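Residue-level listing of the chains:
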Amino acid sequence: AYDQLRRYAFNQLKLSPKQVCFIHKPERSLLLQAYKDADIFLFSSRIDTQGLVLAEAMATSTAVIALEGVGQRHIVQSGVNGFI
């Protein structure tokens, strides 16, 4: 869905590359830097059962917001270390 999402963001929503950045299969160092540079990490999956990316974001002190889900409830304590 990578190409479809890019087309939607840039062509239909008219967002610029300065407003939204798509990172596809990043190197580990780039991924860690992206977490550090982010103001928030928004996790929009309802079906991910582990939510490991939430722990990765939290490890770099990035605020997290997640939809309700099994894995998310085990990692995020809403109002304490993030928000559900």
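Counting restarts for each chain, with residues numbered from 1 along the sequence as it is written. The predicted nature of this model means local features are confined to residues of pLDDT at least 70 and side-chain atom pairs, given and counted, to a pLDDT of 80 or more, with totals for whole chains, interfaces and linings taken over all residues. Remark: hydrogens and water are excluded; side-chain values derive from all non-hydrogen atoms of the structure.

What follows deals with unusual backbone geometry. Backbone geometry at Lys14 places phi at a positive 60°, although glycine is not the residue there. Only DSSP runs of H or I reaching four residues or more are called helices, and only runs of E reaching two or more are called strands; each is numbered from the N terminus. Checked against the element boundaries, Lys14 lands in the loop between helix H1 (2–12) and helix H2 (28–37). Only protein chains enter the calculation, and the probe is 1.4 Å; a residue is then buried if its accessible area is under 20% of its type maximum, exposed if over 50%, and partly exposed in between. Overall, the relative accessible area of 64% leaves Lys14 in the exposed class. Although it is not a glycine, Ser61 sits at a positive phi angle of roughly 65°. Relative to the helices and strands, Ser61 resides in the loop between helix H3 (52–59) and strand E2 (63–66).

This brings us to the pairing of E2. Where burial is concerned, the two faces of E2 differ: the one with Val64 and Ala66 is buried and the one with Ala63 and Ile65 is not. Note: strand E1 (residues 40–43) against E2, 4 bridges, orientation parallel. The residue of E2 that forms the bridge with Phe41 is Val64. With strands facing away from the observer, any crossover in which the path from the first strand over the helix to the second runs clockwise is taken as right-handed. Handedness of the E1-H3-E2 crossover: right-handed. By definition, two strands form a pair when at least two bridges between them are found by DSSP.

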